[in-house]
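Inside the fold
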Amino acid sequence: MTSTLSTARSLVAGAGRIVALTGAGISTDSGIPDFRGPQGLWTRDPGAEKMSNLKAYQGSREVRERTWQARLVHPGWDAAPNAAHYALERLSPTWIVTQNIDRLHQKAGSPPERVLELHGTMFESVCLSCDDHRDMRSTLERVRAGDADPPCLVCGGILKSATVSFGQHLDQNLLRAARAAVSDSDLLLVAGSSLSVQPAASLVSVASRAGAAVVICNGSETPYDSMATAVVRGPLADTLPALAPSRI
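Criteria and thresholds
Residues numbered from 1 in each chain as written. Predicted model: local features only at pLDDT ≥ 70, side-chain atom pairs only at ≥ 80, totals over all residues. Heavy atoms only, no water. Buried < 20%, exposed > 50% of the residue type's maximum accessible area, 1.4 Å probe, protein only. Helix = DSSP H or I, 4+ residues; strand = E, 2+ residues; numbered from the N terminus. Pairing = 2+ DSSP bridges. Lys, Arg positive; Asp, Glu negative; His and termini not counted. Salt bridge = Lys/Arg side-chain N within 4 Å of Asp/Glu carboxyl O. Polar contact = N/O pair within 3.5 Å; in protein donor to acceptor, adjacent residues only side chain to side chain.

**Thoughts on the pairing of strand β4 (residues 120–127)**
- With respect to burial, β4 is a largely interior element, seven of its eight residues being buried.
- Alignment of β4 against strand β6 (residues 159–163), held across five bridges, turns out to be antiparallel. Following the sheet pairing, Cys127 is matched in β6 by Leu159.
- Sheet topology places β4 next to strand β5 (residues 133–135); three bridges connect them, and they run antiparallel. Within the sheet, the bridge partner assigned to Val126 lies in β5 and is His133.

This is the structure we're talking about:
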């Protein structure tokens, strides 16, 4: 492991254009559980997966009402960045492509214009019919006031968080931007992603084909480990600071 970490550190130090791809594992130390890990949301409550399925969400008022209640108490509202987020900010990657919806990269000081939120954000609500976007906090105030499944204020359609659910297409402009960023990088640093969800996981293949080095930092194996130049196991709050220079 020491040898692997040393290799990863050398690769990071020698890269001129780093792109980071981050997943749920980078935010678990901030109190936001992942989905598939031992203490993951879906591991502990398999029924909760329906709340992330677009077809189930659209077809069941009961699922929507449960989801709105879950949004009220989502740990992301009070979460603070952890050592891994701050370490990544110190690395100053050209781009951060994140699968997370919590905006902890921005809270840690990474420039918002350099963060591509591939799976959207929990901080906005969106209408599935007319695409009206609102601040999520204002929509949640309606839920607290007793509207268990608040409709769109513009057209009366179904509202959900501005996040990408299973069965929902990613923003193609964002995906193209992510692929372009990875193709132009010297190094793709994967941090806290199981690389089990497409098309985000395919960015590793894009980087490899473009000749970029790939460093994967994750707590468990991923399907793309064999494509990596270096694989570092362990908690992200320990491994990422080991790769990032300290500021004096």
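**Details of the side chain of Asp102**
- You can see Asp102 is positioned in the loop between β2 (95–98) and α6 (104–107).
- One buried charge, Asp102, has no salt-bridge partner; the nearest side chain with opposite charge is Lys107, at 7.7 Å.
- Of note is the side chain of Asp102, whose polar atom sits 2.8 Å from the side chain of Ser27.
- From its side chain, Asp102 meets the backbone nitrogen of Leu104 in a polar contact 3.0 Å long.

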